[in-house]
Amino acid sequence: MALLELRNVTVALGRSDTAKVILEDVSLSLAPKEIVGVVGASASGKTVLSRTAVNWLDPPLVRRSGSVLFEGRDIYGMKETEMRGLRQRISYVGANPMGAMDPTLPVGAQIVEKMRAVMPDVSRRQAQERVIELLAAVRIPSASSRFHDYPSQFSGGMMQRALIVDALVTNPAVLVADNVTQPLDVTVAAQVIRLIKELTDQFNTAVLFISSSLPMVREASTRTLVIDRGRIVEEQATEALVARPSHPYTRELVSQTPKIWRGTETLPALPEDREVVLSLRDASQTYRVKKRSGLGGVNLVRAVRNVTFDVRRGDSFAIVGESGCGKSTLMRLLSRLELPSSGQILCEGKDIATLRGRDLLDFRARLQLVLQDPFGSLPPRTSIGRMLEEPLRTHGWRDREKLRARVLKVMGEVGLAAELYNELPLGLSAGQRQRVNVARALVLEPSILIMDETLSALDQAEQFKLLDLFQKLQQEYNLTYIFISHDLAMVRKVCNRVAVMYLGEVFELAGNERLFFDPGHPYTMALLSAMPTLEDKRYKPEDCLLEGEPPSPLSIPTGCSFKSRCPRAMEVCNGVQPVLTVRHEHDFAACHLVKAEIPLIEDSVEGASA
Amino acid sequence: MSIISIASPDSSTMLASRSLARRVFDKAVASPGFRAGAAIFIVLALATALYPELSGIDPVKMDIKARLLPPLFEGAKWSWAHPLGTDQLGRDMLVRSLVGLRYSFLIGVASVIVMLFVGCTLGTIAGYFGGRIDAVIMRLTDAQLSIPMIILAIAVLGVSRPTIPAIVLVLGMSNWPVYARMMRSVVMTERQREFVRAAQIGGSTDLRIIVTLLLPLLLPSVLFTSVLDVARMMIFESTLGFLGLGVQPPTPTFGNIIADGRKYLLNAWWIATMPGLFLGLTLTSINLMGAALERARDTVHAGGE
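Turning to the overall build of chain B, a few remarks are in order. For chain B, the count of helices and strands is eleven helices and zero strands. The C-alpha radius of gyration computed for chain B amounts to 25 Å, which surpasses the reference 19 Å derived for 305 residues by more than 25%, pointing to a less compact arrangement than a globule. Dimensions of chain B along its principal axes, counting C-alpha atoms only, are 85 × 50 × 30 Å. Across the 305 residues that make up chain B, the buried fraction comes to 36%. Counted over contacts in chain B with a minimum sequence separation of 6, partners at least 24 positions apart contribute 69%.

Spelled out as structure tokens, the structure:
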């Protein structure tokens, strides 16, 4: 018998007949110990579905018809007290780990509180023991001291695991996981998925795994449902769904998922001797952070360490790495929002730190940045036209007619309607807002564009459209792109050269093909193995998946900074810090294995031609 | 670099859509609250500007025979010559109130402008630049806050003569720390936003970011609270007048009219009441217009139109 069952559920936004229907006639069932995936684009009703399943519909959401059965009983038909008792058996984990807990109370105390709310007969001491036990089970290091830490002291991945503990602490029969991996880095997301799979065995929990990413659902679930605009359009065993999608929407979803190793399109080859437009020479950035305890004293945070690389005209250069690897600091250095504490950054031969006045303004016009957050990056009360004129005014444009003509031209190029000129950015979708962002960068006719996670807030279809736009603009204006990203699939599709960063260092610097088919660093390989795809993995996660999280940049270990997580760590890694070493002419990796000419995987040469 | 136009803008649609400020204003004007407020305000403004001169009555001319006349239809002795009655020296209350309104309004608005200017400038600088500059400015506001207003007024106005500019300065200087703190906190949060970074990348200087980006975003709400302060400053001026540190008699202001009327409150209530009536009317009209503008701004900016 099904443990949790939704029968023909319809949910609408309000009671009136004209109200927007969010979920339409949705049915699904979940057997004990099963993981069922639900996949759909943003605004397809995924979150409403997950909330419906746990009886958490806030007004104006209204369940019109249908029932939700838990062990055969309708949870919407029960009294509130009865439902509260049932909360012990049905749990929910959401997508925003950092906002889910009260920042003023220790994490452990909050989980204990929740446990005792649904299980009043458990003593405080027992509850505490159980929580610590579970924190250890989800691999939070030194769980008994972490129990007393505050949410701000947890990283995103650790917080998500703490929330899984929060959901599991009452030994639920059903866990609804709503997009849990979305805010996490690939390696951490892979850990969380592995954890969820283990938990179904260990605690007999069934999981409803809801996600916007099909590859992610494929990693986790055995059976998958596809939801499109509030309707379940297809249900199949996961592997069959990926191999033989029957509904057109599913086919589209599968075909839009980027291929990493089996992709057919290759990037156009670029000549090697193009002019160097941006060059980093040993650039480092060190922040001084006040120590939390005691008087005075500062910690030195070495956010970026001795980074050296060249970007040539026409390149699409990618900087990839997990959160906290120094990508954002590097972005601030490149865009001269900060000056490096040592080393140099040269733009067309000139050190950007020494630029002043007119020269600085010229540099600003040449290098522009497209920001990450489509909502925070546009001033809320400025009309779009005014917003786009602003950089031009800064650069000395005064003629109103010319300003307007230039802005309208750029708006047309990025696909914004001219009617938006006098509108606020308010009603725009995330994709439209990102176009405004791109337009704001383009009005100055720059030659270098830095994309700081520009696409990460958009869903797949919108990403594709913008990437096409970027490629068109690149050809038209001979632009140089620097993509700062954690999305390797996107990098594979558009970038010709990639730098992999870890703890402020560049670990590997290589061309696209080389990096994905013959990585020179164990960390690169770990990233590739953790990446969710619809293809067979080229690198087995069992061989190279990382445990734990990067060490704190406050105390970077001596020798190789990766040694604590590296499956291939050797004696020499303890004492000697590896430097970028040439392999195959133009590619570099900072690993002792490269110097010793030990291949990362024995059969790599045969596999590469596949 | 030459640019090939892909979509040429359609100029007819461009002209059809009105600019934001225009839309906000049109929407506000259409609301009944704004119209009522504007009507009261215009009547009062015309009356203060024209009536004292047109009627030819001198606000300081005494007429002992006609002293303590009540306003219209009150008691037995009222007269059409003095619609709001007369005070203890037989001066016409209507003219005195209107002239008093001139001075009080002038002092109220001017001192709020001083206050806003000093407070917002210092607050914005402190919030935007932070660090040592912030520490110095904030200690300065603490120092300012620790001096009671009345003591400051006595010290300054007692030494120099209590002229109108001096009063405006004292009132303005005693209240700016509130605005400094308010601006500092909002500027601090706004300057972390991504669009500030975007402007920096665009080459904007700090001054440009503050003036073109932050102030237009933050000032409207500050201005709205400051309208209430106009009333507060008018009342403070009355307090000073009451202590004898305000505008000196015989020039009528609300402060000294009320101070005079206090002695006759039992047998001639109108002397102390009439200035209050005008004060109330003025502030109601300003607030009605302000509220309508604020509402219009919110609906337009929330996508209501």
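Moving on from the coordinates now.
Regarding its fold elements, chain A presents 23 helices and 22 strands. Seen along its three principal axes, the alpha-carbon backbone of chain A occupies a region of about 70 × 65 × 60 Å. Per-residue burial for chain A yields a buried fraction of 46% across its 610 residues. Long-range contacts, defined here as pairs at least 24 residues apart, represent 67% of the contacts in chain A between residues at least 6 apart.

Another point: the pairing of strand 2 (residues 20-30) of chain A. Every other side chain in a regular strand lies on the same face of the sheet, so the side chains alternate between the two faces. All names here are of chain A. Here strand 1 (residues 4-13) runs beside strand 2; their pairing, made up of seven bridges, is antiparallel. Looking across to strand 2, one finds that Leu13 is bridged to Lys20. Between the antiparallel neighbours strand 1 and strand 2 lie six residues, among them Gly14 with a positive phi of about 105 degrees.

Residues A:Val131, A:Leu208 and A:Ile482 are the most contacted members of the largest nonpolar core, which totals 228 residues. A total of 17 residues in this core trace back to one element, the largest contributor, which is helix 4 (residues 93-129) of chain B. If sequence neighbours within four positions are ignored, A:Val131 has contacts with A:Gly108, A:Ile111, A:Val112, A:Met115, A:Phe147, A:Val165 and A:Val169. Grouped together as the second largest cluster of nonpolar side chains are nine residues, B:Val24, B:Phe34, B:Leu288 and B:Ala296 included.

With that settled, the discussion passes to the interface of chain A and chain B. Listed by partner, the interface residues are 32 residues for chain A and 31 residues for chain B. Mapped onto the side of chain A that touches chain B, the elements with two or more residues apiece are helix 12 (357-366), strand 16 (367-370), helix 13 (384-394) and helix 14 (400-413) of chain A. In terms of residue count, the dominant contributor to the side of chain A that touches chain B is helix 14 of chain A (four residues). The class makeup of the residues in the side of chain A that touches chain B is 13 nonpolar, ten polar and nine charged.

This next bit is on the environment of A:Leu175. Residues and elements named next belong to chain A. Secondary-structure assignment places Leu175 in strand 7 (residues 174-178). By the C-beta count within 10 Å, which is 25 here, Leu175 ends up buried. Put simply, Leu175 and Lys290 are 115 residues apart on the chain and 41 Å apart in space, counted from C-alpha to C-alpha. If near-sequence neighbours (up to four positions away) are discounted, Leu175 is found in contact with Ser91, Val93, Ala167, Leu168, Thr205 and Val207.

All names here are of chain B. Viewed as axis vectors pointing N to C, helix 10 (residues 254-261) and helix 11 (residues 270-301) meet at an angle of 150 degrees, and their least axial separation amounts to 7 Å. By the angle class used here, helix 10 and helix 11 are roughly antiparallel. Handedness of the crossing formed by helix 10 with helix 11: left-handed. Contact residues: Phe254, Ile257, Ile258, Asp260 and Gly261 in helix 10; Ile271, Ala272, Pro275 and Leu279 in helix 11. Classifying every residue of the contact of helix 10 with helix 11 gives seven nonpolar, one polar and one charged.

Before going further, it helps to spend a moment on helix 16 (residues 460-477) of chain A. All names here are of chain A. For helix 16, which comprises 18 residues, the first-to-last C-alpha distance of 26 Å matches the rise-based estimate of 26 Å (1.5 Å per residue) to within 8%. What helix 16 keeps buried is the set Gln463, Leu466 and Phe470. Projected down its long axis, helix 16 shows its buried positions confined to an angular sector of 70 degrees, all on one face. Turned more than 90 degrees from where helix 16 packs its buried face, Asp468, Lys472 and Gln475 sit exposed. Directly beyond the C-terminal end of helix 16, a positive phi value near 55 degrees is found at Asn478.

Residue and element names in this part refer to chain A. Here chain A averages 85 in pLDDT, while 96% of its residues score no lower than 70. Between the elements of chain A, mean pLDDT differs from a low of 42, seen in helix 23 (residues 604-608), to a high of 93, seen in strand 3 (residues 35-39). Throughout residues 603-610 the model reports pLDDT below 50, and contacts reaching past four residues in sequence, or to other chains, amount to five contacts.

Okay, the pairing of strand 7 of chain A next. Residues and elements named next belong to chain A. Most of strand 7 sits out of view: five of its five residues are buried. Taking every second residue as pointing to the same face, both faces of strand 7 are buried, with Val174, Val176 and Asp178 on one and Leu175 and Ala177 on the other. Bridge count for strand 6 (residues 90-93) against strand 7 is four bridges, and the pairing is parallel. Within strand 7, the residue paired with Ser91 across the bridge is Leu175. Across five bridges, the pairing between strand 7 and strand 8 (residues 206-211) is parallel.

Turning our attention to unusual backbone geometry. Residues and elements named next belong to chain A. You will see that Arg229, though not glycine, has its phi angle at about 45 degrees, which is positive. In this fold, Arg229 is placed in the loop between strand 9 (223-228) and strand 10 (231-237). For Arg229, a count of 15 C-beta atoms within 10 Å translates into the label partly exposed. Residues other than glycine seldom take positive phi values, yet Glu348 does so here, at roughly 50 degrees. When you line up the elements, Glu348 lands in the loop between strand 14 (342-347) and strand 15 (350-351).

This part takes up the sheet that holds strand 20 (residues 505-511) of chain A. Residue and element names in this part refer to chain A. Spatially, eight strands are ordered 16-17-18-13-19-20-22-21 in an open sheet, and the strand pairing comes out mixed. Two strands bound the open sheet, and with one partner strand each, they are strand 16 and strand 21 (581-583). Here the strands of the sheet are splayed against their neighbours by 25 degrees on average, with no regard to which way each runs. Direction of pairing for strand 13 (residues 316-320) relative to strand 18 (residues 480-485): parallel, over a ladder of five bridges. Bridging from a neighbouring strand, Ile319 pairs with Ile484 of strand 18.

In this section: the confidence of the model for chain B. Residue and element names in this part refer to chain B. Averaged over every residue, the pLDDT of chain B is 83; the share at 70 or more is 93%. Note that pLDDT drops below 50 for residues 1-16; the model gives that stretch 17 contacts with residues more than four away or on any other chain. If you check the scores for this complex, the pTM reads 0.78 and the ipTM reads 0.73.

In this section: the environment of A:Ala137. Following the sequence through the fold, A:Ala137 ends up in helix 4 (residues 124-137). Along the sequence, A:Ala137 and A:Leu195 sit 58 residues apart, while their C-alpha atoms lie 8.9 Å from each other.

The description of two packed helices rests on the angle between their axes and on the distance between the axes. Residues and elements named next belong to chain B. Interaxial distance between helix 6 (residues 149-159) and helix 7 (residues 164-190) falls to 10 Å at its minimum, and their mutual angle equals 150 degrees. Judged on the interaxial angle alone, helix 7 and helix 6 are roughly antiparallel. Helix 7 is crossed by helix 6, and the crossing has right-handed handedness. On the side of helix 6, the interface is formed by Met149, Leu152, Ala153, Val156 and Leu157, while helix 7 contributes Ala166, Ile167, Val170 and Ser174.

Rules used throughout
Residues numbered from 1 in each chain as written. Chains lettered and ligands numbered in written order. Predicted model: local features only at pLDDT ≥ 70, side-chain atom pairs only at ≥ 80, totals over all residues. Helix = DSSP H or I, 4+ residues; strand = E, 2+ residues; numbered from the N terminus. Rg over C-alpha atoms; globule rule 2.2 N^0.38 Å. Buried ≥ 20, exposed ≤ 12 C-beta atoms within 10 Å, placed from the backbone. Contact = placed C-beta atoms within 7 Å. Pairing = 2+ DSSP bridges. Core = buried A, V, L, I, M, F, W, Y, C linked by C-beta atoms within 7 Å. Nonpolar A, V, L, I, M, F, W, Y, C, P; charged D, E, K, R; others polar. Axes fitted to C-alpha atoms, helices over the stretch in contact; angles between N-to-C directions. Parallel < 35°, antiparallel > 145°, perpendicular 65-115°, else oblique. Left-handed = near helix turned anticlockwise from the far one by under 90°. Expected span 1.5 Å × (residues − 1). Arc of directions from axis to C-beta. pLDDT = per-residue confidence, 0-100.

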